[in-house]
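Each chain, letter by letter, is given below.
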Amino acid sequence: MTTRTSKWISHWEPEDAEFWEREGKRVARRNLVLSVVSEHIGFSVWSMWSVLVLFMSPAIGLGFGPGEKFLLVVIPTLVGALLRLPYSYAVTRFGGRNWTVFATAVLLVPASLAAYFVHRPGTPLWVFLLVAATAGVGGGNFASSMTNITSFYPQRRQGWALGLNAGGGNLGVAAVQLLGLLVIATAGDTHPAYVASLYLPLIVLVSLLAALRMDNLEAVRTEPGAQREALRHAHTWWISLLYIGTFGSFIGYGFAFGLVLQNQFASTPLEAASYTFLGPLLGSVARPSGGRLADRWGGARVTLWSFAGMGAGTAVLLLASDAGSFGLFVAGFTGLFVLSGIGNGSTYKMIPAVFAQRALSSGTGLAGARRLSGAVIGIAGAVGALGGVAINLAFRAAYGGASGGGSGVPAFWAFLVFYAGCAVVTWTVYLRRERAEASSALEASRA
């Protein structure tokens, strides 16, 4: 197969074991690697403002209050969530390689604007809100990347592939926070432009690599109306709700953690940056494990375990807040990141599995299930990212809006109740039904 010299690969049969071993695996791996790198840069740009707000102080002429800083991390989260649906569709319209090149190159806009304006004292808040909004394009990359990669892999390997793709992308949150820590530790907390500027050459390099080495896949194309069809399925909305709890928590906590430490424990920028990267790092590494565990034990079961653990982690935050224990607080947050990462992988694995089972039951074929799964991935990704918006708004309200001085405890109680609700949904809609179907199948085989 001549992949890089043709615009589209029309013959793609990953479920055929011989085809997969002969050439499919090699092509899929190459596209996965570049997809991970592109998505990683996208996540870094998307979450860049979680780092830049730590630098904003009267010392550089940007003395914004806690509520204004939380607003600066809410805006890119919201825009990124809204862009996920059109980004998911764009892959089916323009092709995986073509869209990856564009989606990576356009990251030059938010990175350049951030590097310019954060070194202009007295810049009003509304300008920064507009600049932060452009960073939302990095959040859209996730949906297009996941939609593209789903079609490259056979169903039995999708949990691992999607987990690896998303986990490598999620590492962008930890990477930009580590970069922020490096800048603060070496140049001080008055040079935020260094953080944004260092991504400019990386964006150019990854755009060129995607153009030269990735492939467009005919199988990823969807007929008009695939997203509308997906919107009519109840599973689309149940899974989206669960994804609010898993990915929404990961990205919401990733954007807010540094500000939470500053407001809850009066941490300095250096102290906050020293811990903010740890949770996103471990959560990103855990995401492929969530996909792999779901491949073995089932996505619904692993997702239920994740929500149970996240509820326990939130209880730890409440105890740490009451005791004023910084160490216990960081430990509880780190556990939440890890468990949300595992839940991210297992929840996404549920999408192709649920629709593949539905296709087999109805006799509609796996090709239709793949197209529908791609549409659901975009919808769930968009809805799930809105959970990050809700988390940051909850923190903004808890810490007293623009004046500051509040506590995160009311927000933690709200999160605990939501995780309990997600656990109930996972058990009722998926696990109980799976057990009922398995029991029916066993009885039928004995009859």
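These figures come from a predicted structure and were not determined experimentally. (Residues numbered from 1 in each chain as written. Predicted model: local features only at pLDDT ≥ 70, side-chain atom pairs only at ≥ 80, totals over all residues. Heavy atoms only, no water.)

Chemist: Hey, could you run me through the overall build of the chain in this one?
Modeler: In terms of helices and strands, the chain carries 18 helices and two strands. Relative to its full complement of 447 residues, the chain shows a buried share of 57%. Taking the intrachain contacts of the chain between residues at least 6 apart in sequence as the baseline, contacts between residues at least 24 apart amount to 84%. When the accessible area of the chain is evaluated, it comes to approximately 16,800 Å², of which 65% is carbon and sulfur surface. (Helix = DSSP H or I, 4+ residues; strand = E, 2+ residues; numbered from the N terminus. Buried < 20%, exposed > 50% of the residue type's maximum accessible area, 1.4 Å probe, protein only. Contact = heavy atoms within 4.5 Å. Areas by Shrake-Rupley, 256 points an atom, 1.4 Å probe, with all protein chains shown as cover.)

Chemist: Looking at this structure, how should I read helix H4 (residues 96-105)?
Modeler: For an α-helix, 3.6 residues make a turn, and residues three or four places apart therefore share a direction. Where H4 is concerned, the buried positions are Gly 96, Arg 97, Trp 99, Thr 100, Ala 103 and Thr 104. The buried residues of H4 all sit within an arc of 165° when viewed along its axis, so they share a single face. Those residues of H4 that are buried are in contact with helix H1 (17-46), helix H3 (66-94), helix H5 (108-117), helix H7 (137-150), helix H10 (200-213) and strand S2 (216-217). (Arc of directions from axis to C-beta.)

Chemist: Sorry if this is basic, but what is going on with the packing of H3 against H7 here?
Modeler: The relative placement of two packed helices is expressed as an angle between their axes plus a distance between the axes. Here H3 crosses H7 at 35°, and the two axes come no closer than 7 Å. Once H3 is placed against H7, the crossing between them reads as right-handed. The residues of H7 that touch H3, namely those facing Gly 80, Leu 83, Arg 84, Tyr 87, Ser 88, Val 91 and Thr 92, are Val 137, Gly 139, Gly 140, Asn 141, Phe 142, Ala 143, Ser 144, Thr 147 and Asn 148. For the contact of H3 with H7, the class distribution of residues is six nonpolar, nine polar and one charged. (Axes fitted to C-alpha atoms, helices over the stretch in contact; angles between N-to-C directions. Left-handed = near helix turned anticlockwise from the far one by under 90°. Nonpolar A, V, L, I, M, F, W, Y, C, P; charged D, E, K, R; others polar.)

Chemist: Explain the nonpolar core to me, please; I cannot follow it from the model alone.
Modeler: Across soluble globular proteins, nonpolar side chains show a tendency to be buried alongside one another. Counting 112 residues, the largest nonpolar core has Met 48, Trp 49, Val 195, Tyr 253, Phe 333 and Phe 395 as its most contacted members. A total of 13 residues in this core trace back to one element, the largest contributor, which is helix H12 (residues 234-265). Formed jointly, this core draws a minimum of three residues from each of two domains, domain 1 (12-221) and domain 2 (225-438). When residues no more than four places from it in sequence are discounted, the contact partners of Val 195 are Met 48, Val 51, Leu 52, Phe 55, Val 176, Leu 179, Gly 180 and Val 183. Counting 13 residues, the second-largest nonpolar core is a separate cluster that includes Ile 9, Phe 19, Ala 28 and Val 36. (Core = buried A, V, L, I, M, F, W, Y, C linked by side-chain atoms within 4.5 Å. Domains from an automatic or database assignment.)

Chemist: Please explain the side chain of Ser 38 as it appears in this structure.
Modeler: Its location among the elements puts Ser 38 in helix H1. In this structure Ser 38 comes out as buried when scored by relative accessible area, which is 5%.

Chemist: How do you make sense of the packing of aromatic side chains when you look at a structure like this?
Modeler: Pairs of aromatic rings are described using the distance from one ring centre to the other and the angle between the two planes. The full count for this structure, using the stated rule, is 38 aromatic pairs. Relative to Phe 19, the ring of Trp 12 lies with its centre 5.2 Å away and its plane at 90°, an arrangement referred to as edge-to-face. Take Trp 12: its relative accessible area is 5%, and that puts it in the buried class. (Phe/Tyr/Trp six-rings, centres within 6.5 Å; stacked < 30°, edge-to-face > 60°.)

Chemist: How should the pattern of salt bridges be read in this particular structure?
Modeler: One pass over the structure, following the stated rule, counts five salt bridges. The shortest N-O distance in the salt bridge between Glu 23 and Arg 22 comes to 3.0 Å. Across the salt bridge formed by Asp 295 and Lys 349, the nearest N and O atoms sit 3.1 Å from each other. One end of the pair, Asp 295, is in helix H14 (residues 278-297); the other, Lys 349, is in helix H16 (residues 326-362), and 54 residues separate them in sequence. You can call Lys 349 buried: its relative accessible area is 7%. Each of Glu 18, Arg 22 and Glu 23 takes part in one network of salt bridges that share partners. (Salt bridge = Lys/Arg side-chain N within 4 Å of Asp/Glu carboxyl O.)

Chemist: Help me out: how do you make sense of the packing of H12 against helix H15 (residues 299-323) in this one?
Modeler: Relative orientation of the contacting elements H12 and H15 amounts to 20°, with a least axis distance of 12 Å. Comparing the axis directions of H12 and H15 gives the class roughly parallel. The two elements H12 and H15 meet at a crossing, and its hand is left-handed. Residues Leu 242, Gly 245, Thr 246, Ser 249 and Gln 264 of H12 form the contact with H15, whose own contacting residues are Thr 303, Phe 307, Met 310 and Ser 321. (Parallel < 35°, antiparallel > 145°, perpendicular 65-115°, else oblique.)

Chemist: Just checking my understanding: could you explain H15 for this structure?
Modeler: Between its first and last C-alpha atoms H15 spans 36 Å; for 25 residues at 1.5 Å apiece the expected length is 36 Å, and the two agree. One or two residues past the end of H15 sits Gly 324, with phi positive at roughly 65°. (Expected span 1.5 Å × (residues − 1).)

Chemist: Before we go on, may I ask you to explain the confidence of the model for the chain in this structure?
Modeler: On average, residues of the chain carry a pLDDT of 87, and 89% of them reach 70 or more. Note on residues 1-5: pLDDT under 50 across the span, and 14 contacts to partners over four residues away in sequence or across chains. Counting contacts from residues 438-447, a segment whose pLDDT is below 50, to residues more than four positions away or on other chains yields zero contacts. (pLDDT = per-residue confidence, 0-100.)

Chemist: For this particular structure, what's the right way to read a nonpolar patch on the surface?
Modeler: A surface patch of nonpolar side chains, about 240 Å² in accessible area, is lined by Leu 78, Leu 82 and Leu 386. On the secondary structure map, Leu 78 appears in helix H3. Relative accessible area serves as the criterion here: at 31%, Leu 78 is assigned to the partly exposed category. (Patch = residues over 30% accessible without salt bridge, like charges linked within 9 Å, V, L, I, M, F, W, Y side chains within 5 Å.)

Chemist: What's the story with the environment of Leu 205 in this structure? I'm lost.
Modeler: Relative to the assigned elements, Leu 205 resides in helix H10. Leu 205 gets classed as partly exposed once you look at its relative accessible area, which sits at 46%. A C-alpha to C-alpha distance of 10.0 Å links Leu 205 and Ser 38, two positions 167 residues apart in sequence.

Chemist: Help me understand the side chain of Asp 215 in this model?
Modeler: Along the polypeptide, Asp 215 turns up in the loop between H10 and S2. Among the residues examined, Asp 215 registers a relative accessible area of 1% and is labelled buried. Here Arg 30 takes part through its side chain, which lies 2.5 Å from a polar atom of the side chain of Asp 215. (Polar contact = N/O pair within 3.5 Å; in protein donor to acceptor, adjacent residues only side chain to side chain.)

Chemist: Looking at this structure, I do not really get the environment of Pro 192. What am I missing?
Modeler: Of note, Pro 192 is situated in the loop between helix H8 (158-187) and helix H9 (193-197). Judged by relative accessible area, Pro 192 falls into the buried class, the value being 1%. Sequence spacing of Pro 192 and Ala 115 is 77 residues, and the spatial spacing of their C-alpha atoms is 7.5 Å. Those residues in contact with Pro 192 that lie beyond four places of it in its chain are Leu 52, Phe 55, Ile 60, Val 118 and His 119.

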